[in-house]
Each structure stands twice: as C-alpha cells, then as structure tokens.
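So the chains spell out like this:
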Amino acid sequence: MPTSEREHDSPAERLFFALWPDDALRQQLTQCRDTLAAHRDGRPVPAENLHLTLAFLGRTDARQRACVEAMADAIHCPPFELRLNRSGYWPRPRVLWIAPAEMPEALTSLAIALHTAAEGCGLKLDARPYRAHITLMRKLVRPPQDADCPPLDWPVDRFVLVRSSTFPQGVKYEVVREWVLGGV
Ligand code: ATP
Ligand code: MG
C-alpha cells in the first residue's frame with residue numbers, strides 16, 4: 001500500500017494528557033479568570049476549554065495512540081489534592097495562568113510517567129521542564145497588577161486523554177479516554 005494511503009487509514013490526531021475540571025471547579029476557574037482578567041484586553045480561554053496539561057503529545061498516529069494508552073493503563077498513581085493558589089503571567093506568550101504553589105509529589109510522578117510513556121512510544125515531547133498550570137487568558141495586553149482570586153482546591157481522582165482540533169473559530173478539545181487514579 002502506498003504511504004499516502006496508509007496515512008489516510010490512520011490520520012494523526014493532536015493529543016494531550018490532562019487533568020480535566022468537573023463542572024463545579026470549571027465554574028470557579030471561570031470566576032477566577034474573570035476576576036484576574038477584569039478590565040484587561042486579551043483572549044479569555046473559553047470555560048469549556050479550561051484544563052491542566054500533564055503531557056502534550058502533539059501529532060499522534062493510531063499505533064502511537066494505542067501504545068500510549070496501554071502505557072497509561074499500567075500507571076499506578078494515588079488520588080491527590082491539588083491546591084491552585086498561585087497566579088502569574090508569562091510575558092512571551094502573554095499568558096495569564098494559575099498553578100499550585102507547591103507541586104504534589106503524585107502530580108510530578110504522574111507527569112513524569114506520562115512523558116516517559118509517550119517517549120517510549122516514539123513521540124517527541126517538548127524538552128522544556130514541565131510546569132503545571134491552567135491557562136486562563138492568552139494574548140493579554142498588560143500583565144495583571146494586584147488582582148487575585150481565592151485558592152481553589154481540586155481533589156484529583158482521574159486523568160484524561162484529549163484530542164485537540166483547530167477550527168476557524170478556535171480550538172476544540174474532546175476527552176477521548178479517562179483513567180481513574182488509585183483504586184486497587
Ligand atoms: P491553539 O494552539 O489553537 O492556540 P491550544 O494551545 O489551547 O490552542 P494545543 O496547541 O492543542 O491547544 O495545546 C493543548 C494544550 O497543550 C494546551 O494546554 C497547551 O498549552 C499545551 N501545549 C501545547 N503545546 C505544548 C508543548 N509543546 N509543550 C507542552 N505543552 C504544550
Ligand atoms: Mg497551542
């Protein structure tokens with residue numbers, strides 16, 4: 001079969017592993033976004049898109065996806081508490097974010113396990129150090145000054161695999177699989 005046909009059979013998807021807020025937390029995050037971004041020009045992340053990336057896989061074909069899913073099945077990580085109590089601004093991408101001031105050990109291990117899994121499946125990941133954060137706003141014109149929102153507590157008991165698709169009106173995320181933490 002010519003290569004082009006094989007590629008047609010299993011088109012690559014853009015995938016990433018993430019922590020996915022439930023509706024209640026999503027609403028709190030949206031409020032936090034609006035508080036921090038009040039009176040500032042920029043592109044708020046739509047409420048339904050708010051998430052915390054664990055590992056960005058990028059273009060992934062069907063074989064690589066099956067491989068990372070099998071590796072994710074084998075990860076043992078306990079549920080953990082995540083306290084989002086720090087906001088910040090990265091000037092180069094002009095991104096406003098919130099993050100944990102302290103990384104729970106379980107979150108670090110989970111992110112490392114997923115990065116290792118992806119690399120083991122032949123995916124090339126970003127070499128920059130992993131920094132857990134939730135992007136609230138992009139292309140912010142001016143950095144926030146003194147605004148803050150109350151700490152948000154997130155009892156994390158699962159992680160997900162997300163497909164990201166770009167449309168003229170913006171990016172769309174679709175959760176394609178979910179893994180519950182701990183259990184056994
Ligand atoms: P768009 O790229 O259309 O502006 P987006 O950045 O939200 O939208 P993706 O590029 O699919 O969508 O990224 C999905 C998630 O993975 C986002 O949280 C993004 O910050 C993160 N991400 C993207 N590229 C990388 C990368 N090279 N390394 C680490 N995380 C990344
Ligand atoms: Mg992007």
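Right above here is the structure, for reference.
First, a word on what this report is: a plain description of the structure on this page. (Residues numbered from 1 in each chain as written. Chains lettered and ligands numbered in written order. Predicted model: local features only at pLDDT ≥ 70, side-chain atom pairs only at ≥ 80, totals over all residues. Heavy atoms only, no water.)

Counting its secondary structure elements, the protein chain contains 4 helices and 9 strands. Across the protein chain, helices and strands are ordered from the amino to the carboxyl terminus as α-β-α-β-β-α-β-β-α-β-β-β-β. Over its C-alpha trace the protein chain gives a radius of gyration of 17 Å, about what one expects of a compact globule, namely 16 Å for 184 residues. Oriented by its inertia axes, the alpha-carbon framework of the protein chain measures out at about 60 × 45 × 30 Å. Looking at the protein chain, you have 23 positive and 23 negative side-chain charges, and the mean spots of the two groups are 8 Å apart. (Helix = DSSP H or I, 4+ residues; strand = E, 2+ residues; numbered from the N terminus. Rg over C-alpha atoms; globule rule 2.2 N^0.38 Å. Lys, Arg positive; Asp, Glu negative; His and termini not counted. Charge placed at Lys NZ, Arg CZ, Asp CG, Glu CD.)

Time to look at the sheet that holds strand β7 (residues 152-156). Strand order in the open sheet formed by 5 strands is β2-β6-β5-β4-β7, and the pairing between neighbours is antiparallel. Looking at the sheet topology across the chains shown, the edges are occupied by β2 (43-44) and β7. When β2 meets strand β6 (residues 134-138), the two strands line up antiparallel, connected through 2 bridges. In the strand pairing of β6, Arg 43 is matched with Arg 138. On the sheet, helix α2 (residues 23-36) packs against β2, β4 (80-90), β5 (95-100), β6 and β7 and is oriented at approximately 40 degrees with respect to β6. (Pairing = 2+ DSSP bridges. Contact = heavy atoms within 4.5 Å. Axes fitted to C-alpha atoms, helices over the stretch in contact; angles between N-to-C directions.)

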